[in-house]
Every structure is written in C-alpha cells, then in structure tokens.
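Fold and geometry: a report
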Amino acid sequence: MAGLKAGAPAPQSITVHEKSRVLEVVFSDGAAFRIPFELMRVYSPSAEVQGHGPGQEVLQTGKRDVTLVDLAPVGNYAVQPTFSDGHDSGIFSWDYLYELGQRGDALWQDYVQRLQAAGVDRDAPMAPKGAGHGGHGCASH
C-alpha cells in the first residue's frame, strides 16, 4: 500500500449517509465529496475486485443497493469498509477516497462502458465466488 503523498489532503470529517447510500468526505483542502457506496464497492481496491495485475479486474454487478455495515479506521491513512454483501477486504486510503470523489463521474462512465462491453446488466447478480473466473486463472482462490 503506497503511503500518503506529502502534503496530501486528509479528511476533516467522514459521514455515512445510510438512506442516500453515500459516504460524505470533507478534506483539509476544502474539497467535499459524496461518494456513492455502489461506486466504492465496484472500485474497491481489493484483490478480489482489482485482480492481481492489469487485465485481471473482476467486473462487479448487482451492487446498486449495497450499504455500509461498518467503516473501520486503518491507522491514520485509510478506512476499511464492510459492505452489506460481505465484502470487507478493500482498504481505501485518503488519496484513493479523494480520487473517487474527484473522478467519480468519469469512473462511473467507465464502469457503465465496461458493463456494456461485457454485455452485463448493472443489476445482474455476481457469480458465486470460485465459480467460473472466465479464463482469468487466479491461483489464490
């Protein structure tokens, strides 16, 4: 996990909005973002989502209604959310949360394009873990 960039903005406050399913983060440089839980979940920095290298990403679906069950601090540089679907292995550094907030719209468009390219609906259920990795051999599962 890369450390924080020197002088990088750090969160002043983090608020979980359960009803609207967004994480509100206000940074020390004045930037404030409302990051949808679904965006956080589909862009989780975990190996389960990102894979183990370029081209190994696992397209996430069925995450529209995902909620945050817990948000645990990791040192003073990150948080580790537990999502309602059981996913809890992503560690979101302050830098990464800032990026998700700043680039949220572009990341969402990229997600929609990847869904279309794969011919998959956003609300399609995920295949059970271990079921068909579609040729993306992953020895750690």
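Up top you'll find the structure we're talking about.
Before going into details, it helps to say that this report is about the structure given with it.

Each value, and the rule that gives it
- Residues numbered from 1 in each chain as written.
- Predicted model: local features only at pLDDT ≥ 70, side-chain atom pairs only at ≥ 80, totals over all residues.
- Heavy atoms only, no water.
- Pairing = 2+ DSSP bridges.
- Helix = DSSP H or I, 4+ residues; strand = E, 2+ residues; numbered from the N terminus.
- Buried < 20%, exposed > 50% of the residue type's maximum accessible area, 1.4 Å probe, protein only.
- Core = buried A, V, L, I, M, F, W, Y, C linked by side-chain atoms within 4.5 Å.
- Salt bridge = Lys/Arg side-chain N within 4 Å of Asp/Glu carboxyl O.

1. Considering the sheet that holds strand β5 (residues 78-83)
- Spatially, three strands are ordered β4-β5-β6 in an open sheet, and the strand pairing comes out antiparallel. Edge positions in the sheet fall to β4 (68-74) and β6 (92-93), since each has one partner strand and no second.
- Sheet topology note: the β5/β6 ladder contains two bridges and is antiparallel. Considered in β6, the bridge of A78 is made with S93.

2. Overview of unusual backbone geometry
- The residue R21 is not glycine, and still its phi comes out positive at about 55 degrees.
- Classification of R21 as partly exposed rests on a relative accessible area of 28%.

3. Quick notes on the nonpolar core
- The biggest cluster of nonpolar side chains holds 24 residues, and the ones touching the most others in it are I35, M40, Y43, L97 and L100.
- For this core, the secondary structure elements donating two or more residues are β2 (22-27), β3 (32-36), α1 (37-42), β5, α3 (94-102) and α4 (104-118).
- The dominant element in this core, judged by the number of residues it contributes, is α3, at five residues.

4. Side note on the pairing of β4
- Looking at chain direction, β4 and β5 are connected through six bridges and run antiparallel. Note that in β5 the partner of P73 across the bridge is V79.
- Connecting the antiparallel pair β4 and β5 is a turn made up of three residues, with G75 showing a positive phi of about 55 degrees.

5. Some words on the pattern of salt bridges
- By the definition in use, this model includes eight salt bridges.
- Residue R41 is joined to D85 by a salt bridge in which the shortest nitrogen-to-oxygen separation is 2.8 Å. Of this pair, R41 sits in helix α1 while D85 sits in the loop between β5 and β6, and the two are 44 residues apart along the sequence.
- Here R41 falls in the buried class, since its relative accessible area comes to 3%.
- With a closest N to O distance of 2.7 Å, D85 and K63 form a salt bridge. Residue D85 is located in the loop between β5 and β6, and its partner K63 is located in the loop between α2 (47-50) and β4; the two are separated by 22 residues in the primary sequence.
- Given the relative accessible area of 8%, K63 is considered buried.

Keep in mind that these numbers describe shape and distance, not what the molecule does.
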